[in-house]
Every structure is written in structure tokens, then in C-alpha cells.
Amino acid sequence: MNFVSTNTDRKQPQCYSSQLKPFYHGTTSRYTSPSSGKCKRLTVQSVNPNLTSDWNENDVRSNAPLSTQLAGRLTRMMLNPSSDTFLWLFIWLFYIITLLSPSRAPVFAHYYKPYLMRFVGQLWAARSPREYSLRAQAAAEDDRHVRRVTHALYPRFLVVYDEDRRGWTRVNVEAVVRRKPYVAITYCYDDVIHSGSTEVLIERVRNATLEQGFDAYWLDLECLFEDPIQKAQDLYRMSDVYRLASFTLIILTDESAWPAWGGRVWTLPEALLSRELRYKAGNNAVTPISLIQIASLAYSHHDEESHIINSYGLGKDPLERLERNLQLKEAIWRRQSSSSQLTSTEGSSKGRYRAEKVYALMGFFEHRILPNAEETELQALARLFMANDNDRIADRMISMFPRDKRGINQWYTKEDEYGAKLWDIEPTVQVIGITSNGSLVLDGCRAAMIRWKNFPSIAFATRRSIRRLLAHALPYATLILFVISCSIISIGNQTASISAYGSSSGTSPLVAGGGVLLAFSLILLILAPVFTTYAHSGRVVLARPWLIGVKGVISAQEASDHLYGSQIGDSRRTLYTPSGSPLARPREGDSKFREGHVSQYNEALAAPQFDPIEGHMFTLVDTISGSIYYFRAHRPPTVCLFTGSEGGQGRFVMASEECSSNELRRETVLRMPSYISAYMHTCDWVALGGKP
């Protein structure tokens, strides 16, 4: 997204807020503050801080109540003595002071921290015709005119033999073209160039057409406009040319040219969409051929494309529309596109299109798009998928986790890391446009911010019990008892001094009783850390929603201690996820319950902390589900987007912020419980994907 300043002398803003307020800062990693909406530098807590990273790193820090943290440490020192035990008395005195010091209890909230930013740029292409788009403005397109012209379902030109003149003429009269039976020609350009000239090809086509009893044919060399706007309309109706032809004639120099022909982008839709196929190799006669025969001769990926071939060639193995279109896309993408060979350094193409493969694919879709020579494959795919929204292909792909991590920043995903198929995902968002960078603009997202600077002070509740209530109150009651015992001893000493002149010396009953109470209160105060720890122990039944990130690997127990403080007992407050990330491992035969196995922590801890392709190792803690996730990413994701569900779990996209372009970059995708999305606020438009 390009922002224009009206004052060239001023420093250019690095980014803008959702209220279009400019911000000036460096190029370090940033995030949007969930409380103010301002752009701030990102601070990340790390197990092993790195001072040279693109973001600030500091040690992992807990904001649990200080008295709870000290009580837990004192309890561990009492139960497991070590070389630091001599510090116990000093820590205990500090703990007593924190008990007496007033502190503000953490505030409970029903939602995660919201994502306050929105996409404020212009759409390059929009789903709704009511929305302004840069593409339509630049091309000066009239969609109604495009639909009227390009849905004509017949060629605009044919080459017709005139018996009176004994020659061939290019005809563009609509009444003639609509009624004229014709032959559609397909060939491989490289094969033709290596064997002769285009004139030789045209002569062979004309002779073969007359031999088959036809007097009209369609050949792209003669029937395509050179004007870019007109040529775009020809490409739009290319699939109709082959659908309406009486048969499609394949021209080869010889039988060995089959692989070259089959490896070209356009030959697959040309063959699949044709009513009948015939071929002419060299000077041999024109011979009928079936799609099954062509597949064995020309397609090097016959095994992978067998479902498509059987569906079109035999009418067997019918595929669902979504599955068929995806298989067709992969089949076309395996073939060679000549446009990349003729692309200039400025990004324009000499008579070719950068998104040529998309235009070859769109003939299989119900709704097509008008080609644009300047758009990329991802932009063209997004437009094609938006035009055919019944399958919601782009909406589903947003939730997929690419198996090839080099494409993690792009929204298009071929294979899912979790093994899910595209039709397994039920999207909850809608793609409403695409940006100039190739990012998809989404509407209807639920989003939450991820906290990275430290573990916050969390309001939480454990299972109620009389013993925990008494343990919580006992340290404070003991302090009162300590004060009372000291007062009794003081009063007893004063009474004893007054009556000392008229009686025999002895211990005052008040002093003796106060001494007993003092000794008892001191014993209880020594044990007070144990009472405090026990009072905050037990299963967490309710906690404020938070997503907390850590660079590096921490265990579930460490996460619980940072969140809630230490505990006495074996209640598991934070659990390992059984299937939430690629590193997740479920417990299998040794457990009756669905839960994660601790081995995932050991594997994450033993793995390299940085991988050149997949990035750094991170830990994410969710307080609502009480789960911990390990994942890799190149940058700390600051935004969690709920985009769909699959297999009983929600698909949550973890994204980092690119404030200079007002877009998000997908870092990873986690499978988390769907119900936590109810604790997320719905956000405005967000742009996800695009250039890294």
C-alpha cells in the first residue's frame, strides 16, 4: 500500500493508525497496542535473550502476585533444601512485608485483548462492484460491457475457405461465425519453430481441415487480436472456442513430439474441453484419438492426473467440483508456461501474461475473469476464486498450514501440514478483495492480541474448598495473633513491674500466656508460605483470557508457575496439546484420556532453536483452554485470527504485523479449541498474506 504525503520536505510516515494518524519510527518489528491502538516496538520475553535480534528481548518474567511467588519459592526451599537455604530467612521477611503491603487485585475480563488495527488502504481488486479497486480504475473496465462481450460463447474470428475465390479468408461476421462448423487447432509452439515456420504450420492446418470435410478452422496465430484489451477478451473465451468446435485437431511434427505438446499449459484444457480429438503427426493421415490414449502418450504425470482423465475421458470416477478444480489447477501448474520466458525486467510481458496458467484454468470454472497483463498469478487466482464463491476456495486456503514453509507468507496453499483437504475446512471469514501486494483482505475475522513482553497478572479462580479458604486466611490471622501475643506480653510486663514492690517475684500469667501465643504464632508464620501456596493451589476453573508468547521452550509446569504461582499438589493447570501444532504428540495406549504427551516438550527442547527455513522456536500459552503449544516462526506472531474449523478444532492463523504496508504476515497455523473464539472480539478488515 502506497501512502502519499502532501509535503515532500517532511519525513515520510512509516505507518498510519486506523484513524489515519501518521507514525514515524524505525524499521524494527512493531505491534499494535491493544489498549491505545498505537504502533509500538515489540518486546519479547525469551528463554535465552538475544541482544542483536530485530525486536527487544528480555528474560521471561512473571507478574503473579509477589507474595504468591515468594511463598512458592520458600515452600520449595523448605521441602527441597539446597545451597540457597541460608537465604530463607531474608526471603521470609520480605514475604511477610508483602503480606502487609496493600496490592491491587488483577481485573477479570471476558475477552482476549482486541486487535484494534484495520486495513486502511485501497483494494487492488474487489469482490463487490460497489467497492473502488485500483485494477478496474487503471484498466478503465466496464464490467457490464465485459460480461456482455465475453459471454458470447463463440469465436470472434474464423479462417474460412472461399470456394469462389479458391482461397482462405479471415471472417469476423457474427452471423457467419455463429453458424459455421469449424475445427479448433492445438499445437506446441516450440515444436513448430524447431521444425519449420508458422507458414508451414498454417499450410498443414488448411490441408488437414479440407481433408476432414470442413471449410473453417480456428488457429490462435490467425484469430487472436494483437491489441491487449481485445486479446484479453479472446483469452476469456478461449475455453468456449474448444467447447464449440466440431473436433480439436492436434498438429505434431512427428510421433516423438507428444511429450512437448502435453507439457504445455494450454494443451490440457484444450484437450479436456473438446468434444472430439484427432491428431496429425508429420505427413501421416489425420487419426482419431481418445483422451485416455493421449494421456499415456503426452502426459508425464499420468498417474497423478488419472482422476481427471477418467472423469473427462470415460465419464467415470466423477469428482466433486471443488476437488476437480484443485486437481486441474495442480495439473496445469505442472506444465510449462512460456510467459515467464518473455517477461521483461519492468515486469510487463511481450504479448504474454504473467498469470497465463490462471487463464488456462478458468475455462473449467463457471465464472471467468478478464485477463490482465500486469497481474500476478496470486492476484489472478484470488480474482478467479472470488468470482466463483460457491466453493469458497480462497476462504478455505487462509486456514491451511503450508507443508512447504517457504510459502508460509503467501495465502495460496497446496498441501496442508496437518493432512487436511481443502474441503475439510469450514471457513468463518470471507475474502472481499486483494491488495497490490497480493494479500487477501478478510472480513468477519475474530482476532486476539498475543502478549510477548511478560506473563501478565491474571485473575483466576480455583475449585472452592473450606481448607483453601482457611489456608488463605490463616497467614493474616496469624499476623493478628502475633500482634495480640506481643500486646499481652507487654501488658503482662507492665503489670508485673507495678506489683513487684509488694509481692514475691515470679512470672506473670499474662506474660506466660502471651509467650505461648507468641511461640504458636511464630510457628504459624514460619509455615505461612506453605499455607499461601496451598491456598492458591488446585485446578483452575476460571481464568481471564490471555494468549502469552515466549521465544524459546518452556514446560507446562513452568508456564503454570509464571501464570498462577507455585502450587502444592498434582493439579495440572496447563496441559500439552494433543494435536494443536506440528510438534504436538498425543498420549496413546498409556492413557484413557485425550491429552498431549510430555515428549513434545522434550523434542522441542532438543531441537535447534533456529532453522533457516522454518525460523525460531516459540511457545504459546492459552489460559482459556489451559494449553501450551510449540511452533516455529520467523517472527513473533502478535495477532491470532480465527478463520475456520476442521476436524473438531478451530484453525487459528498466527500473524505478525507489517505496519508499513498495513498488512499481516502468516507465521504459522495452530489447531486450537473452537470455543475459545467466543472470547475474541470481531475485528475490521485485515489484509493477510502477500509479499514477505
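Residues numbered from 1 in each chain as written. Predicted model: local features only at pLDDT ≥ 70, side-chain atom pairs only at ≥ 80, totals over all residues. Heavy atoms only, no water.

**Observations regarding the side chain of Glu667**
For step 1, the next point in the chain: Looking at where Glu667 falls in the secondary structure, it is placed in strand 28 (residues 663-672).
For step 2, the next point in the chain: Here Ser656 takes part through its side chain, which lies 2.7 Å from a polar atom of the side chain of Glu667.
For step 3, the next point in the chain: Beyond its immediate sequence surroundings of up to four residues, Glu667 is in contact with Ile408, Arg632, Ala633, His634, Arg635, Pro637, Met654, Ala655 and Ser656. (Helix = DSSP H or I, 4+ residues; strand = E, 2+ residues; numbered from the N terminus. Polar contact = N/O pair within 3.5 Å; in protein donor to acceptor, adjacent residues only side chain to side chain. Contact = heavy atoms within 4.5 Å.)

**Quick look at the sheet that holds strand 8 (residues 158-162)**
For step 1, the next point in the chain: Spatially, 9-8-11-10-12-13-14 is the arrangement adopted by the seven strands of the open sheet, whose pairing is mixed. Unpaired on one side and paired on the other, strand 9 (167-171) and strand 14 (287-288) mark the two borders of the sheet.
For step 2, the next point in the chain: Sheet topology places strand 10 (residues 183-187) next to strand 11 (residues 216-218); two bridges connect them, and they run parallel. When the bridges of strand 11 are listed, Val183 appears paired with Tyr217. (Pairing = 2+ DSSP bridges.)

**Remarks on the state of the cysteines**
For step 1, the next point in the chain: Evaluated as defined, the whole model comprises zero disulfides.
For step 2, the next point in the chain: We note that Cys188 lacks a disulfide partner, and the nearest cysteine sulfur, in Cys223, lies 19 Å from it.
For step 3, the next point in the chain: Counting only cysteine sulfurs, Cys445 is the nearest neighbor of Cys683, a cysteine outside any disulfide, at a range of 5.1 Å. (Disulfide = S-S within 2.5 Å.)

**Examining the packing of aromatic side chains**
For step 1, the next point in the chain: With the rule as written, the count across this model stands at 20 aromatic pairs.
For step 2, the next point in the chain: Arranged with centres 5.8 Å apart and planes meeting at 25°, the rings of Phe618 and Phe631 form a pair that is stacked. In this pair, Phe618 is assigned in strand 24 (residues 615-622) and Phe631 in strand 25 (residues 627-633), connecting sequence segments 13 residues apart.
For step 3, the next point in the chain: Taking the relative accessible area as the measure of exposure, Phe631 reaches 2% and is therefore buried.
For step 4, the next point in the chain: A connected cluster of aromatic rings, assembled from ring pairs, spans Phe365, Phe385, Trp411 and Tyr412.
For step 5, the next point in the chain: Against the face of Tyr187 rests Arg264, its NZ or CZ located 5.8 Å from the ring centre.
For step 6, the next point in the chain: The positively charged end of Lys329 is found above the aromatic ring belonging to Trp333, 4.2 Å away from the centroid. (Phe/Tyr/Trp six-rings, centres within 6.5 Å; stacked < 30°, edge-to-face > 60°. Buried < 20%, exposed > 50% of the residue type's maximum accessible area, 1.4 Å probe, protein only. Lys NZ or Arg CZ within 6 Å of the ring centre and 35° of its normal.)

Function-wise, these values are silent; they only describe arrangement.
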